Amino acid sequence: MIKKLATVAIWCLGCVGAVCVSLSVKDTMRSLATKKGLETGVAVAVGDLSKDTHKNIILENSSIIVAENCMKWQYIHPRENTWNWKDTDRLVEFAEENGISVKFHTLFWHNQNSPFLSERWSRDKALSVMDNHISTVMERYKGRIKEYDVVNEAFEDNGSLRNTIWLKTVGEDYIEHAFTKAHECDPSAKLFLNDYSNETMGQTKADAMFNFVKKLKEKGVPIDGVGFQLHIDTAYGFDAEKIRKNVKRYEEIGVLVSFSEVDVRIPQRNYENHLAKQQKIYCELLKIAVEEPNVINFITWGFTDSQSWVPYTFPGKGHALPYDENLQPKPLYAEMLKVLK
Ligand code: G3I
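What comes next is a walk through the structure. Because the structure is predicted, anything quoted here is derived from the model rather than measured. (Residues numbered from 1 in each chain as written. Predicted model: local features only at pLDDT ≥ 70, side-chain atom pairs only at ≥ 80, totals over all residues. Heavy atoms only, no water.)

## Describing the pairing of strand β4 (residues 147-152)
Cut-off, in case you're wondering: Only protein chains enter the accessibility calculation, which uses a 1.4 Å probe. A residue is then buried if its area is under 20% of the maximum for its type, exposed if over 50%, and partly exposed in between. What counts as a helix is a DSSP run of H or I of at least four residues, what counts as a strand is a run of E of at least two, and both are numbered from the N terminus. Crossover handedness is defined by viewing with both strands directed away from the observer: a clockwise path from the first strand over the helix to the second marks the crossover as right-handed.
In terms of residue burial, β4 counts as a mostly covered element, since 6 of its 6 residues are buried. In this fold, the crossover linking strand β3 (residues 101-108) to β4 by way of helix α6 (residues 123-140) has right-handed handedness.

## Examining the state of the cysteines
Under the convention used in this document: What counts as a disulfide here is a pair of cysteine sulfur atoms lying within 2.5 Å.
Enumeration over the complete set of coordinates arrives at 0 disulfides. Unpaired in terms of disulfides, C70 finds its nearest cysteine sulfur in C185, a separation of 20 Å.

## Topic: the site of the ligand
To keep things clear, this is the line we draw: The near set for a molecule or strand comprises every residue that places at least one heavy atom within 4 Å of it. A 3.5 Å cut-off defines polar contacts: any pair of N or O atoms within that distance qualifies, except that in protein one atom must be a possible hydrogen donor and the other a possible acceptor, and neighbouring residues in sequence count only when both atoms are side-chain atoms. Per-residue and other accessible areas were derived by the Shrake-Rupley procedure at a 1.4 Å probe size, with only the shown protein chains allowed to occlude residues.
Surveying the vicinity of the ligand reveals 15 residues, the closest of which are E68, K72, H105, E261 and W301. Within the side chain of E68, a nitrogen or oxygen atom sits 2.5 Å from an oxygen atom of the ligand. Isolated, the ligand exposes 800 Å² of accessible area, and the fraction of that covered by the protein chains is 50%.

## As for the packing of aromatic side chains
Where we set the bar: Between 30 and 60 degrees the pair is tilted, below 30 it is stacked and above 60 it is edge-to-face, where a pair is any two Phe, Tyr or Trp rings, Trp via its six-membered ring, whose centres lie within 6.5 Å.
Under the defined criterion, the tally for this structure stands at 16 aromatic pairs. When the ring of F108 is compared with that of W166, the centres are 5.3 Å apart and the planes differ by 80 degrees; the resulting orientation is edge-to-face. With F108 in strand β3 and W166 in helix α7 (residues 165-169), this residue pair connects regions lying 58 residues apart in the sequence. Classification of F108 by relative accessible area gives buried; the value is 1%. The class of W166 is buried, set by a relative accessible area of 1%. Judged by centre distance (6.4 Å) and plane angle (55 degrees), the rings of F259 and F298 are tilted. Here F298 lies in strand β9 (residues 295-300) and F259 lies in strand β8 (residues 256-267), a separation of 39 residues in the sequence.

## Side note on the packing of helix α9 (residues 204-219) against helix α10 (residues 240-252)
As a reminder, the rule being used: Structural elements are reduced to axes, namely lines fitted to C-alpha atoms, with helices fitted over the stretch in contact, and the angle between N-to-C directions of any two is expressed from 0 to 180 degrees. Our angle categories are set so that under 35 degrees counts as roughly parallel, over 145 as roughly antiparallel, 65 to 115 as roughly perpendicular, and the remainder as oblique. The contact definition used throughout considers only heavy atoms, calling two residues in contact when any of these lie within 4.5 Å. Three classes are used, and their members are as follows: Ala, Val, Leu, Ile, Met, Phe, Trp, Tyr, Cys and Pro are nonpolar, Asp, Glu, Lys and Arg are charged, and the others, Gly among them, are polar.
Running from N to C, α9 and α10 cross one another at 10 degrees; their axes reach a closest spacing of 11 Å. Of the possible angle classes, the one that applies to α9 and α10 is roughly parallel. Note on element contacts: α10 touches α9 through N246, R249 and Y250, opposite A206, D207, M209, F210 and V213. Tallied by class, residues from the contact of α9 with α10 come to 5 nonpolar, 1 polar and 2 charged.

See the structure below:
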């Protein structure tokens, strides 16, 4: 709450200055959300930064951005002693030039890993590779990247820990080890455990993750927040009240929540029939993000249907983002602005 109030106060001071130089300022997702103390943003494909239309949409919507791919192991750390900083540097520089924060996605995941990682490593070897990855990234971007998805998708749907290379080599404490090391490298960075299908209170995975995070907090592990990816499909149940309850129970244990990868997919066929439901879901999620003090950001996974991961992964589904294939905002976008107003 204090964080949101402080942001509002800073915004108000900024406004006094802005009014002096401009009489009419366009309301954007970014400006309206900032007034409410909420960071909004999009996942960015680095190539978008070379296209003016894409760049303008990113600027209008984002006070925070996240890399869609370039910070994952296979790109940033492809071989044991090879680092590829080019795209991440570019994204961070773009953000700095435009007063935008950056979220790092992701230090550890089971996908898009590098071929040199081996499940046959000893615990000590795996821990030294983990530590080196964390410290090399975080020391480079210290003070410049303020949020990290430290571990992504660590849970199976049944609530057990996913059997990743890190679980196999290090063991169950790999998550607390990663958070502890990351905090040591940049104590000011906010550290998140990010996952999907973890937003609805009462569901197995959501409850397992909550209990896991609660234990980490009790042990003093430096975890700041959890990410709800929120890749929603209108065909399945959506219960805004249970999502809100889940957010609230995290607040009770002092844990922030990031709405970290929002998109709402609908059938491609007769998609017009599903737009109202999609709009309602976007607006209800945004309303929770605005109203609940521990939700610090609302990030969509991309912005245009022309570049969404959805149709490749869920054939027959699509139209998941606020901008259509021609980079035009959909009617739901205006409704989202109304929620912020
Ligand atoms: O870079 C290669 C390129 O060289 C090649 O020509 C091309 C041909 O297919 O593939 C390119 O790699 C693709 C990469 O995206 C970059 O575009 C991969 O095939 C493709 O699998 C990869 O998909 C990404 C996916 O993560 C991988 O699991 C999506 O773009 C990205 O949106 C998606 O993001 C994830 C989050 O990180 C975690 N949460 C779920 C979310 C959606 O799946």
